[in-house]
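Observations on the three-dimensional arrangement
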Amino acid sequence: MVPQKVILTPQPDSDGTQKAKETQEIEVDPFNALLLEEQSHDIKFRTLSWQKATALLFGEYVCLAILALSWSWSVVGWVAGAFITFGLGLLTWYTSYVLWQYTMKHPEVKDICDIASKLFPGIPRIAYEATAIMLLLNNIFLIGFHVFTGAKIFNTLSDSALCTVTFQAISAIIGIIVSLPRTLKHVSLMSVVSAICMGIAIILSLVYAGIEDAPLYGYGGNYPTLGPVTTSIGLPSPAPGFVNGLNAVLNITFLWIGQILYPSFIAEMKEPRDFPKALAALTVLELILFTVVAAVGYNYMGQYSTAPSIGSLSEPWARKSAFAFVLVPTVVIGAIYSNVAAKFVFKRILGNSRHAHSHSIVGWGTWVAIVVFIWVIAFILGNVIPSMGDFLSIMSSAFDSFFGFIFWAVAYYHLNKGNLFSGPRQISLTVLNIFIFLLGLFMLGPGLYTSIDAIIADYAGAVRKPFSCATNSL
């Protein structure tokens, strides 16, 4: 990184007067230069320590989708389930580390779109705008998923006391309120609370699965239609088929891939060099959490596992008491993705004007309008896509293929251009990145096909129609 010269302007005295003082020109590294630029701003964004960044990231990952892991393992079996979970975990750590290396080389990038414009220098504007569309769609799909889930929770807890569309509207309104803070600093505390609540929900669901005589509901029929609870070391019999098998893998992939938000988090860290600490802590926590939840859930529910596994519990009180704690992470994680999407649109509209970092009517009015618009679109999506599994699969294939794999293989190429085959270690890394690139293309092609095929199959069967009052409770 090339040091930059920064001119420090003297600040007014406590009485508001500006006495004659000399300006200072100092030489600092690019990250400290960006931090110093914020000194005179009302709203300061570079406030995250690596510990808070870890909390934010972990809060993003500790979500309801974890409770779909036992279903994924029930489709592919013990060996393949564990291998895919660990393999994707290690790949995600590696690609995230490459992402960090790239942001350190280009400290001026603030989000995934800035990175895309540099990854594809021949078409920087097209790459930027295409990635912007994917960023917004990915985040809005995720927010829509949480609108859908919020209604599912309210329906389950209230025994479907209101129309499902009404519950989705309530979920969206709560999400708008929680999304109003303009910096991630305020969201980090909520993220910790979110992770604790989701942790309680996970523990309760696993304990209930262990103490119940048998699960109740499975996709192939209620217990004991499919016989006693069994698990498979290899692929279950009958084999799951290409569509179901790949959808199970995409569900696991969705849990691991979160790199779309990493550049935004790094851009708000006090010391971006500390990001690998947050990444290492996050990866260890995820490996433990994902493996334990998947293994315990699959062991007790076997072929009756559903997504989420709470839906397989036989006692209504068990489903309600576990699902109640999911409400907080549903809102908070939706708010995190809303914050990133809204901030991107906000900066496109206001640029570097004073309204972008001050408490002005224009600044706050623009921010609120963007947040409301995003949640309205998410509300529509939450009504159109029929199931949790469909949401996870289509997001994995359409967006995670780029943000989780393809982008970082290209970043590796740029970081090591001219040195790709310089030695055994470099050759191994180059081969690994070719594999990562091809894996992303596979997810985008066949993965997207199987996701769309699953949605078509759902609508061909007995599924709740869009904007319907029909319940979506567990």
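Since this is a predicted model, take the numbers as computed values, not measurements. Starting from 1, residues in each chain are numbered consecutively following that chain's sequence as written. For a predicted model such as this one, the threshold for reporting local features is a pLDDT of at least 70, and the threshold for listing and counting side-chain atom pairs is 80 or more; totals across whole chains, interfaces and linings nevertheless cover every residue. Hydrogens and water molecules were not included; the side-chain quantities draw on all heavy atoms of the structure.

Overview of the confidence of the model for the protein chain
Every residue is assigned a pLDDT by the predictor, reflecting its confidence on a scale from 0 to 100. Looking at the protein chain, pLDDT values average 84 and 85% of them are 70 or higher. Helix numbers and strand numbers start at the N terminus; a helix is a DSSP run of H or I with at least 4 residues, a strand a run of E with at least 2. Looking across the protein chain, the model is least confident in strand S1 (residues 4-8), with a mean pLDDT of 50, and most confident in helix H4 (residues 78-105), with 95.

So, the pattern of salt bridges
Salt-bridge detection follows one rule: a side-chain nitrogen of Lys or Arg within 4 Å of a carboxyl oxygen of Asp or Glu. Applying the stated criterion across every chain, the model contains 7 salt bridges. In this structure, the salt-bridge partner of glutamate 271 is arginine 273, at a minimum N-O distance of 2.7 Å. One salt bridge connects aspartate 274 with lysine 277, and the closest N-O pair in it is separated by 3.5 Å. Shared partners join several salt bridges into a network, and the residues in it are Arg125, Glu129 and Arg348.

Some words on the nonpolar core
We call a set of buried Ala, Val, Leu, Ile, Met, Phe, Trp, Tyr and Cys residues a nonpolar core when their side-chain atoms join them within 4.5 Å. Each residue is assigned to one of three classes by its accessible area relative to the maximum for its type, calculated with a 1.4 Å probe on protein chains only: buried under 20%, partly exposed between the two thresholds, exposed over 50%. Residues Ile66 and Ile202 are the most contacted members of the largest nonpolar core, which totals 118 residues. Should any heavy atoms of two residues lie within 4.5 Å, those residues are considered in contact. If we skip the residues at most four places from it in the chain, isoleucine 66 touches Tyr61, Ile202, Leu255, Leu289, Phe290 and Val293. If you look at the next biggest cluster of nonpolar residues, it comprises 6 residues, including Ala68, Trp71, Val75 and Ala307.

What to know about empty space enclosed by the protein
Using a probe with the size of a water molecule, rolled over the atoms, empty space left in the structure can be pinpointed. As defined here, a cavity is a set of points on a 1 Å grid over the protein atoms alone where a 1.4 Å probe fits but cannot get out. A pocket is an open set with protein on both sides within 12 Å along at least five of seven lines, and residues line them when an atom is within 4 Å of a point. Grid points are joined across faces, edges and corners, and a volume is the space filled by probe spheres set on the points. In total, this model carries 5 cavities of 30 Å³ or more according to the counting rule given. As a volume, the largest cavity reaches approximately 100 Å³. Looking at the largest cavity, the residues that line it are Glu60, Tyr61, Cys63, Leu142, Phe145, His146, Phe254, Leu255, Ile257, Gly258, Ile333 and Tyr337. Top contributing element to the lining of the largest cavity by residue count: helix H6 (residues 124-158), with 3 residues. Each residue gets one label: Ala, Val, Leu, Ile, Met, Phe, Trp, Tyr, Cys and Pro are nonpolar, Asp, Glu, Lys and Arg are charged, and the others, such as Gly, are polar. Broken down by class, the residue content of the lining of the largest cavity amounts to 9 nonpolar, 2 polar and 1 charged.

Notes on the packing of aromatic side chains
Ring pairs are drawn from Phe, Tyr and Trp, using the six-membered ring of Trp, whenever the two centres fall within 6.5 Å, and their geometry is named by plane angle: stacked under 30 degrees, edge-to-face over 60, tilted for the rest. Applying the stated criterion across every chain yields a total of 18 aromatic pairs. When the centroid spacing of 5.5 Å and the interplanar angle of 20° are considered together, the rings of phenylalanine 154 and phenylalanine 167 count as stacked. With phenylalanine 154 in helix H6 and phenylalanine 167 in helix H7 (residues 164-178), this residue pair connects regions lying 13 residues apart in the sequence. On the accessibility criterion, phenylalanine 167 (6% relative accessible area) is buried. Ring pairs connect the aromatic residues Phe120, Phe402, Phe403, Phe407 and Trp408, which therefore count as one cluster.

Overview of the environment of serine 401
Here serine 401 shows up in helix H15 (residues 388-416). Sequence separation between serine 401 and glycine 447 is 46 residues; the distance between their C-alpha atoms is 9.0 Å. Among all residues touching serine 401, those that are not within four sequence positions of it are Ser396, Ile406, Gly440, Met443 and Leu444.

Looking at unusual backbone geometry
Going from tyrosine 223 to proline 224, the amide bond is cis rather than trans, its omega being 5°. Summarising the element assignment, proline 224 is placed in the loop between helix H8 (184-211) and helix H9 (242-256). Looking along the chain, the bond that leaves alanine 307 and enters proline 308 is cis, with omega of 0°. The topology assignment puts proline 308 in the loop between helix H11 (275-301) and helix H12 (316-324).

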